[in-house]
Structure formats: structure tokens, C-alpha cells
Amino acid sequence: MSPIIAPSLLSADFANLEKEIKMINKSKADWIHLDIMDGHFVPNITFGMPVIRAIKKIAQKPLDVHLMIEKPERYIADFKRAGADCLSVHWEACTHLHRTIHQIKELDMLAGVAINPHTPVSFLEDIINDVDFVVVMSVNPGFGGQRFISNSIKRVKEVRKLIEKHKSDAMVEIDGGVDLENAPILVDAGVDILVAGNTVFGAENPLETIKKLRIKN
Ligand code: DX5
Ligand code: ZN
């Protein structure tokens with residue numbers, strides 16, 4: 001089965017968002033990945049509800065919203081209203097992760113938990129049956145275009161093992177530094193959803209690149 005491809009808009013041309021989204025609409029991409037940063041949880045700030053609402057009006061694919069913000073529980077309903085279909089929160093940012101995950105699910109969004117590169121996979125043991133997907137961060141969150149941390153492949157396998165052990169239905173998403181070279185390796189390791197920012201929007205031919213990302217070795 002080919003993976004779900006979720007181009008990350010962080011590397012798109014923000015002066016031409018409409019054009020970029022229309023490109024994704026006609027591409028073989030499955031989701032659109034939106035990175036929300038608050039300048040606290042991560043050192044960068046991106047965009048919020050008005051921009052998501054504007055994107056939603058044009059996008060013909062589900063919006064996969066990745067919250068890199070502190071206390072995300074304050075905004076779950078707002079992100080739903082703005083148009084999120086999938087919503088992921090960071091393990092490191094949630095004191096009451098179980099409650100937050102169920103808040104997301106009650107609003108009929110797919111609920112994801114993201115883990116930073118240093119967070120042990122075993123910390124997911126008691127939440128793996130509650131989430132729809134796990135986001136394995138393969139860079140330290142905050143910026144697009146960073147180098148893939150190779151230890152992430154081992155971590156994907158660990159997440160996959162945990163999922164099997166608990167007979168969970170969770171999918172595995174990988175986010176950060178995904179390119180045409182590591183994509184097939186990641187899929188083999190157990191990734192279901194490939195996020196790619198720079199690889200797609202920095203490409204000469206983004207449509208072709210999206211197509212190539214889908215092909216499993
Ligand atoms: C990083 C973001 C990623 C980022 C990925 O903090 O969560 O989604 O946009 O971009 P690339 O694929 O360029 O590493
Ligand atoms: Zn992301």
C-alpha cells in the first residue's frame with residue numbers, strides 16, 4: 001500500500017498560497033499538513049485560525065494540523081471550526097494528554113500525538129490505544145528544511161512494535177527532513193504518512209515529486 005502523502009505548507013510560497021494549494025489539489029497528495037507554532041513550545045511563529053480558514057476554502061484535501069504550541073487544549077474547538085480534519089498535539093506540551101486526545105476525537109477529528117526526537121517511544125504505552133496516529137518527529141520541530149535525524153528510523157520501528165503489541169489501529173506519521181531517498185526506507189520501517197515540506201515545495205516539479213514519494217520500493 002502506498003503511503004499517505006502530506007505536503008507541509010511551511011515551505012510553500014506564502015505570497016501565493018492560493019496557487020500552492022491549487023497545485024496540491026490537483027496533485028496525488030492525500031492531505032495538506034499545516035504547522036502551527038507559537039514562539040513558546042518552539043522558537044518560531046507561523047499562522048493561526050484566519051489563515052487556516054482561508055486555506056480551507058480552497059483546499060480539496062483533508063487538513064492535517066500539527067500543533068507545536070503550549071497548552072493546545074485551549075484551542076481544540078477553534079481548530080475544528082477553522083477546518084482541521086486531523087489534529088496532532090505534542091506529548092511534551094500536554095499535561096493531560098488523554099483528555100486532550102479525547103477532546104479531539106469527540107469533535108470528529110483524527111487525533112494524533114507527536115513526539116520530539118528525544119522523547120522515549122515507551123512513553124506512548126498508555127495512550128497508543130487512544131490515538132489515531134503517532135507523529136514521529138525526525139527533526140527538532142520549529143523550522144522546515146532541516147536535516148533528517150537518522151535515529152528516527154529506529155524510532156519508527158519501535159512505534160510500529162508498540163502498535164502491534166497493543167493491537168492498536170494507530171497510523172505512523174513521520175515529519176521532518178523526508179526526501180525521495182529516505183521515503184522508501186521509512187515506509188519499509190512502518191510509516192503510513194509522509195510529511196514533506198522542502199522536498200515538495202523546493203522541487204522544480206512538485207507534482208512529479210509528490211508522485212515519486214508515493215512509490216514504495
Ligand atoms: C517542523 C514541521 C514540519 C516541517 C517539515 O517543525 O513540523 O512539518 O514543515 O518540513 P521539511 O519536510 O522541510 O523538513
Ligand atoms: Zn509538522
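Let me sum up the structure you'll find in this document. (Residues numbered from 1 in each chain as written. Chains lettered and ligands numbered in written order. Predicted model: local features only at pLDDT ≥ 70, side-chain atom pairs only at ≥ 80, totals over all residues. Heavy atoms only, no water.)

**Focus on the overall build of the protein chain**
Turning to step 1, where the next piece is worked out: Secondary structure summary: the protein chain contains eight helices and eight strands in total.
Turning to step 2, where the next piece is worked out: Relative to its length of 217 residues, the protein chain is compact, with a C-alpha radius of gyration of 16 Å against a globular reference of 17 Å.
Turning to step 3, where the next piece is worked out: Based on the C-alpha atoms only, the size of the protein chain along its principal axes is roughly 40 × 40 × 30 Å.
Turning to step 4, where the next piece is worked out: The burial tally for the protein chain puts 53% of its 217 residues in the buried class.
Turning to step 5, where the next piece is worked out: Taking contacts inside the protein chain between residues at least 6 apart in sequence as the whole, the part at least 24 apart equals 64%.
Turning to step 6, where the next piece is worked out: For the protein chain, the computed accessible surface area is about 10100 Å², with 49% contributed by carbon and sulfur atoms.
Turning to step 7, where the next piece is worked out: Of the side-chain charges in the protein chain, 26 are positive and 29 negative, and the distance between the mean point of each set is 3 Å. (Helix = DSSP H or I, 4+ residues; strand = E, 2+ residues; numbered from the N terminus. Rg over C-alpha atoms; globule rule 2.2 N^0.38 Å. Buried < 20%, exposed > 50% of the residue type's maximum accessible area, 1.4 Å probe, protein only. Contact = heavy atoms within 4.5 Å. Areas by Shrake-Rupley, 256 points an atom, 1.4 Å probe, with all protein chains shown as cover. Lys, Arg positive; Asp, Glu negative; His and termini not counted. Charge placed at Lys NZ, Arg CZ, Asp CG, Glu CD.)

**Structural notes on the site of ligand 1**
Turning to step 1, where the next piece is worked out: In the vicinity of ligand 1, 20 residues are found, and the nearest of them are Ser8, Gly142, Gly145, Asp175 and Gly197.
Turning to step 2, where the next piece is worked out: The separation between an oxygen atom of ligand 1 and a polar side-chain atom of Asp35 is 2.8 Å.
Turning to step 3, where the next piece is worked out: One nitrogen or oxygen atom from the side chain of His66 is found 3.2 Å from an oxygen atom belonging to ligand 1.
Turning to step 4, where the next piece is worked out: Notes on ligand 1: free accessible area 380 Å², of which the protein chains cover 99%.
Turning to step 5, where the next piece is worked out: Counting only elements with at least two residues in the shell around ligand 1, the list comes to strand 2 (32-37), strand 3 (63-68) and strand 8 (193-196).
Turning to step 6, where the next piece is worked out: When residues of the shell around ligand 1 are assigned to their parent elements, the largest contribution, three residues, is made by strand 2.
Turning to step 7, where the next piece is worked out: Of the residues assigned to the shell around ligand 1, the class counts are eight nonpolar, ten polar and two charged. (Near = heavy atom within 4 Å. Polar contact = N/O pair within 3.5 Å; in protein donor to acceptor, adjacent residues only side chain to side chain. Nonpolar A, V, L, I, M, F, W, Y, C, P; charged D, E, K, R; others polar.)

**Here we look at the coordination of the zinc ion (ligand 2)**
Around a metal, the idealised angle for a tetrahedral arrangement of four donor atoms is 109.5 degrees; for an octahedral arrangement of six donor atoms it is 90 or 180 degrees.
Turning to step 1, where the next piece is worked out: Protein ligation of the zinc ion (ligand 2) involves His33 (NE2), Asp35 (OD), His66 (ND1) and Asp175 (OD), the donor distances falling in the range 2.0 to 2.3 Å.
Turning to step 2, where the next piece is worked out: Viewed at the metal, the six donor atoms of the zinc ion (ligand 2) are separated by angles of 72 to 168°, and the geometry they form is octahedral.
Turning to step 3, where the next piece is worked out: In the primary structure, the donors to the zinc ion (ligand 2) are separated according to the pattern H-x1-D-x30-H-x108-D. With His33 in strand 2 and Asp175 in strand 7 (residues 171-175), the pair connects residues that are 142 residues apart, well separated along the chain. For the pair shown, His33 and Asp175 are each scored as buried. (Donors = N, O, S within 2.8 Å, 3.2 Å for Na, K, Ca; no water. Tetrahedral: all angles 85-135°; square planar, octahedral: opposite > 155°, others 65-115°.)

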